[in-house]
Amino acid sequence: MDHMLQSQSGTVRWWELVFCFVTLLQTCPKFSFNMRFGPSYRFTLCRSELILLFLLAIALVLIVHQYSRAVLQQVSVVSSEPHYKRQQAPQHVATAHHAPPGHMGEPVTLPQEQGNIPDSVQEQIALGWQRQGYNQFVSDLISVRRELPDVRDPWCRDRKRSALPPVSIVIVFHDEALSVLLRTVHSVLNRTPPELVQEILLIDDWSSLVQLKTFLDDYFLPYSDKVRILRTPKRLGLITGRIFGAKRASADYLLFLDAHCECLAGWLEPLLELVASNQENRKVVAVPTIDWLNETTLALQVGASSGLYGAFDWNLSFQWRPRYDRLQAPQENLLEPFDTPVMAGGLFCIEKAFFAQLGWYDPGLQVYGGENMELSFKVWMCGGAIRTVPCSHVAHIQKRNNPYIGSYTKERDLTMRNSLRVAEVWMDEYAEFLYRLHPDYRALLASRTSHSLSNVNLDARRQLRSELGCKSFRWYLQHVFPEQDDPSEAQAAGWIRHENEAGQLCLTWPMRDRSLALLHCHGLGGQQIWFHRKTGEIAREGHCLGVDSGNKPQEAEVTIALCSSEGSSGAYRWLYRRQTGQLVNVASGLCLVPADNNFRVTVERCESADREIFTQSNRQRWNFQIDDI
Ligand SMILES: [Mn+2]
């Protein structure tokens, strides 16, 4: 029983107290105690009563002490571990019936009926969307330490790994929602072996939200062994902000994350293993599989991105393409890292010395956009490789708009300026195709002399390229991205336009359902850019336009399918008659025309070319944007 009276500061034993008291009573055998309560009461306590009172007092002390000890024990259990190790949500919130919002990546939905949400809350929701491009209100409802399921394939989970070096994780933010930023950091701390995280550098790129200042410093104080907050001296933009962080990182390996991510179990190890192992004689940049955090409900949606590779179109916009259309032999194990010509941009692991050797990013690139193309081209062309790692999963919120850039025209203007620098330095003769397919680039290029594109000279970047002895863009297309439509191998390119009473309509693919359509020409390229190869195929993104003749001519259908690598049959070859603008399918001899509803295409018997009906509005007349490459 003596342990019950032990306190943190020393030991007092209950029987010692009793012993003292009994000794006291023995030394004064006639001890009595007189007390006056008010004017008329007088009590005399005899020895036996006094002993009883004493025992009662001892019992009370014991009860109080036991209770306070229990409380102290609880406090010490909680505070003895470093905060970043406390990854489990409290037990009571993890039960099925009372799971907290968003637990295990479940969607968080608000009541559908507007009437159920007070006006003040509706205002907050709208403000969150407007500021962040995602549902900040819902994010604020979710624990910043929420748990997520382990979505890895068992093959990834069971792999044995050798010792890995630590990384510096660089996260640039500008007015990110606090809950989203904190959740990004906690997902790293909670789901990464601490010895692999040398530091997390939070680069505050001139944010104006007040909670991202002193509050953020205070919040991360208990994590100061891992988290460092650096603030830029002025607005740098995402690209320069990343360079700012990279140069200040202390580890040999860098890992870049967007400020609106959640890393999943086992995310870092396979990336690092690929980058740090020098098994091949080349530097590898590793990219995780990107899962989707739904921007409305913050639900985790495990995507197909391990089945996709990164590509670009001739507007230098990033796009995902399915891995099955790659020409290189498929790997035996689809979970092994695979080559990707271009990376999405925000999430990657790279050796710091290699990044420095490549001249970081071009410092003339501003704010956002095009930097992923620059880094991707130069990694491949200057002796490195980019691989997607299917075992590594990072979930990411795709913002609906780009709140800190503003309008679409502003964004287009910004990315065009950046893309132009990338094209001028890295794309050799292919830059010319970019300008021919998108004439607004040429206008921008022409205006460059009057007001400089940027004060950072292009020559310095060209010189860097030649010092590094990098290969040509043609080499890159042929060896790294042979699936890409090569304009230099085409006889005509650009939009395939039809003019009629409905206006100017362009052949467009793929629609959301991967169908082929005839839509108003938007002039932005992308889905409306086609290549008429010298071999006759009309192709875009490795898919060829064909005719399925059916049994009768009226059953013939226009199809689109993966181009054959061994050369196409006549069903996929087309003849372009310049005088009449007719596109004649070689196998069937039928001509391409708009379908009756105008938003689809079909084929019909060709009209004879010598008749005088081929005005601009003839239904069989089509125009290529560039019909002589
Ligand atoms: Mn992002």
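Residues numbered from 1 in each chain as written. Predicted model: local features only at pLDDT ≥ 70, side-chain atom pairs only at ≥ 80, totals over all residues.

Asks: Could you clarify how one ought to interpret the overall build of the protein chain in this entry?
Replies: Regarding its fold elements, the protein chain presents 17 helices and 26 strands. Here the protein chain holds 629 residues, and 35% of them are scored as buried. The contacts of the protein chain with a sequence gap of at least 6 include a subset with a gap of at least 24, amounting to 73%. (Helix = DSSP H or I, 4+ residues; strand = E, 2+ residues; numbered from the N terminus. Buried ≥ 20, exposed ≤ 12 C-beta atoms within 10 Å, placed from the backbone. Contact = placed C-beta atoms within 7 Å.)

Asks: Can you help me understand the nonpolar core in this one?
Replies: Generally speaking, soluble globular proteins have nonpolar side chains that are buried together. One finds Ile-169, Ile-171, Ala-286 and Cys-349 to be the most contacted residues of the largest nonpolar core, which totals 126 residues. Once you skip the residues sitting within four places of it in the chain, Ile-171 turns out to touch Thr-184, Ile-200, Leu-201, Leu-202, Ile-203, Leu-257 and Ala-259. (Core = buried A, V, L, I, M, F, W, Y, C linked by C-beta atoms within 7 Å.)

Asks: In this structure, what is going on with helix H14 (residues 430-437)? I would like to understand it.
Replies: Residues spaced three or four apart along an α-helix point in a common direction, a consequence of the helix completing one turn every 3.6 residues. Among the residues making up H14, those that are buried are Phe-433, Leu-434 and Leu-437. Projected onto a plane normal to the axis of H14, the buried residues spread over an arc of 105 degrees and lie on a single side. (Arc of directions from axis to C-beta.)

Asks: Would you explain the pairing of strand S15 (residues 490-500) in this entry?
Replies: On a regular strand, one side chain projects to one face of the sheet and the next to the other, so that they alternate. Across four bridges, the pairing between S15 and strand S18 (residues 530-533) is antiparallel. The partner of Gly-494 across the bridge, within S18, is Trp-530. By the bridge criterion, three bridges tie S15 to strand S26 (residues 623-626) in an arrangement that is antiparallel. Each bridged residue has a counterpart across the sheet, and for Ile-496 the counterpart in S26 is Phe-624. Across four bridges, the pairing between S15 and strand S16 (residues 503-508) is antiparallel. Directly across from Arg-497, in S16, lies its bridge partner Cys-506. If you look at the hairpin formed by S15 and S16, you'll find two residues sitting between the two strands. (Pairing = 2+ DSSP bridges.)

Asks: For this particular structure, what's the right way to read the environment of Ser-392?
Replies: Counting through the fold element by element, Ser-392 comes out in strand S14 (residues 385-397). Here Ser-392 falls in the buried class, since 28 other C-beta atoms lie within 10 Å of it. Here the alpha-carbon distance between Ser-392 and Val-151, two residues 241 residues apart in the chain, equals 9.6 Å. Setting aside residues up to four positions removed in sequence, Ser-392 forms contacts with Trp-267, Pro-270, Leu-271, Pro-288 and Thr-289.

Asks: Which parts of the structure should I look at to understand the environment of Ile-125?
Replies: Its place among the elements puts Ile-125 in helix H4 (residues 119-132). Judged by the 15 C-beta atoms lying within 10 Å of it, Ile-125 is partly exposed. Taking C-alpha positions, Ile-125 is 6.9 Å from Asn-135, a pair spaced ten residues apart along the chain.

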